[in-house]
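Examining the three-dimensional arrangement
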Amino acid sequence: MPAEWEQQQAVQLTWPHKDTDWAPMLTEITAVYEQMAREISKREGLIIVGPSTITHHPSSINIPTNDTWARDHGFITVFEEESSKQIKLLDFKFNGWGEKFPAELDNQINRQLFPQLTTHHSPSTIYEPHLDFVLEGGSIESDGRGTIFTTECCLMAPHRNQPLTKQEIEDRLKEWLGAERVVWLQHGSIIGDDTDGHIDTLVRICPDDTILYTGADDDHPDLLLMEQELQALRTTDGRPYRLLRLPLPRPIYDDGDRLPATYANYLVINGAVLCPTYGQPDLDQEAMRIIGQAYPDREMVGIDCQAVIRQHGSLHCCTMQYY
């Protein structure tokens, strides 16, 4: 499985429309998606998925959808052979983060999308379905060198892959993702999160054995335990990782509920990193500065995600890369 910072061909956005949970704020969220689309299109290809009524963009592909979280219903890319860079698109089951939300249409997107991708992009790409195994893109991180990072609280959560054991799940990840090692984090959760602890809200793997991670505050003591796990973690050759601590945004509420805002949910694209911002200029700029330390050769671009977080997701959740 490639690292996120490797050269990309395109990014997928699954577009908001009136039949999604975005209906009460459709104009506001559409403006955010338009900003993401503009920034992506400057640097690489763009694939827009959604009903035919939503957009006339030349990159749009007409597929019915329940919602817009491309990171979790989208394909996971692996290279069939590292030497040849033969692309394989893995299609796993998506069940609304453990049957919390409707996902029947979203679970069928990849099967309808694949013929379109091979027509317009890579005719030699391989389609590999694993429709009996639940795996969301936001739940795994790869260093591109054989290590996959994930969280126990997500992959072992109810209504995903029971009665498989942790070892059985690890064996499957190693086989399908070409991994030699799976790092399981035992700690880490953010108030308001409904993904059961997706790693892309907590810990992000970066070039040169660097890890960006969400720091703790008084409301999130479990993040301190996660930090201690990361401090004890070693690379495959026995060295400690370079750790960069991201701040937590100050609490953001919607109708009395605290939302799971996190700066770790950024998107790496060719030549840039799209960074979520939350209308907190001091912390927004500090987070972008720290992310920039991990990606000194890329432009930092802020994307206002105050609308996105109202549906308990952020920037990375909205997107999926193709390599």
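1. Some words on the overall build of the protein chain
Tallying secondary structure elements over the protein chain gives eight helices and 18 strands in all. Radius of gyration (C-alpha) of the protein chain: 18 Å, near the 20 Å computed for a compact globule of 323 residues. Referenced to the eigenvectors of the C-alpha coordinate spread, the extents of the protein chain come out at roughly 50 × 45 × 40 Å. The buried share of the protein chain, reckoned over its 323 residues, is 59%. Counting contacts in the protein chain only where the partners sit at least 6 residues apart, residues at least 24 apart contribute 73% of the total. A total of about 13,200 Å² of accessible surface is found on the protein chain, and carbon and sulfur atoms cover 48% of it. Averaging the locations of the 26 positively and 50 negatively charged side chains of the protein chain gives two centres separated by 4 Å.

2. Considerations on unusual backbone geometry
Each neighbour pair has its own omega, and for Gln162 with Pro163 the value is 10 degrees, a cis peptide bond. Assignment of secondary structure puts Pro163 in the loop between α5 (152-155) and α6 (166-177). Phi is positive for His159, which is not a glycine, with a value near 65 degrees. The topology assignment puts His159 in the loop between α5 and α6. The phi torsion at Asp209 lies on the positive side, around 55 degrees, for a residue other than glycine. Within the fold, Asp209 resides in the loop between β10 (203-206) and β11 (210-214). Using a relative accessible area of 12% as the deciding quantity, one classes Asp209 as buried.

3. Concerning the nonpolar core
If you look at the biggest cluster of nonpolar residues, it comprises 69 residues, and the most contacted ones within it are Val203, Leu212 and Tyr295. Excluding its chain neighbours within four sequence positions, the residues that come into contact with Val203 are Glu141, Leu185, Ile211, Leu212, Tyr213, Met226 and Leu230. Within the second largest apolar cluster, 17 residues are counted, among which are Val78, Ile140, Cys154 and Leu177.

4. Points about helix α8 (residues 281-294)
Here α8 is 14 residues long and its end C-alpha atoms lie 20 Å apart, about the 20 Å a rise of 1.5 Å per residue gives. Inspection of α8 places Leu283, Asp284, Ala287, Met288, Ile290, Ile291, Gly292 and Ala294 among the buried residues, and these make up the whole buried set.

5. Re the state of the cysteines
Applying the stated criterion across every chain, the model contains zero disulfides. Cys153 provides the cysteine sulfur closest to Cys154, a residue in no disulfide bond, and the two sulfurs are 6.6 Å apart. Overall, Cys154 belongs to the buried group, its relative accessible area being 1%. For the unlinked cysteine Cys275, the closest cysteine sulfur is that of Cys305, found at 9.7 Å. Classification of Cys275 as buried rests on a relative accessible area of 1%.

6. Structural notes on the pattern of salt bridges
Under the criterion given, the structure shown has 22 salt bridges. With a closest N to O distance of 2.5 Å, Arg160 and Asp196 form a salt bridge. On the criterion of sequence distance, the pair formed by Arg160 in the loop between α5 and α6 and Asp196 in the loop between β9 (181-185) and β10 is long-range, its members being 36 residues apart. For Arg160, a relative accessible area of 8% puts it in the buried group. A salt bridge links Glu227 to Arg245; the nearest nitrogen and oxygen atoms lie 3.5 Å apart. Of this pair, Glu227 sits in helix α7 (residues 221-232) while Arg245 sits in strand β12 (residues 242-246), and the two are 18 residues apart along the sequence.

The rules behind the values
- Residue positions are counted from 1 within each chain, in the order its sequence is given.
- Whole-chain, interface and lining totals are the exception, using all residues; otherwise, since this is a predicted model, local features are given only for residues with pLDDT of at least 70 and side-chain atom pairs are given and counted only at 80 or more.
- Calculation of side-chain values draws on the structure's entire complement of heavy atoms; hydrogens and water are dropped beforehand.
- Labels follow the DSSP assignment, with helices taken as runs of H or I lasting at least four residues and strands as runs of E lasting at least two, numbered in each case from the N terminus.
- Within these notes, the globule rule equals 2.2 Å times the number of residues to the 0.38 power, and the radius of gyration is based on C-alpha atoms.
- For every residue, the accessible area obtained with a 1.4 Å probe (protein chains only) is divided by the maximum for its type, and the residue is called buried under 20%, exposed over 50%, and partly exposed between those limits.
- The contact rule is simple, with two residues in contact once any of their heavy atoms fall within 4.5 Å.
- Exposure was quantified through the Shrake-Rupley algorithm and a 1.4 Å probe, taking into account, for residues, occlusion by the shown protein chains and nothing else.
- When charges are tallied, Lys and Arg are placed among the positive residues and Asp and Glu among the negative ones, while His and the ends of the chain are skipped.
- By convention, the point assigned to a charge is CZ for Arg, NZ for Lys, CD for Glu and CG for Asp.
- Among buried residues, those of type Ala, Val, Leu, Ile, Met, Phe, Trp, Tyr and Cys that are joined through side-chain atoms within 4.5 Å constitute a nonpolar core.
- Helix span, expected: 1.5 Å multiplied by one less than the number of residues in the helix.
- A pair of sulfur atoms, both from cysteines and within 2.5 Å, is called a disulfide here.
- Think of a salt bridge as a Lys or Arg side-chain nitrogen and an Asp or Glu carboxyl oxygen that are within 4 Å of each other.

Remember that the coordinates give geometry; whether it matters functionally is a separate question.
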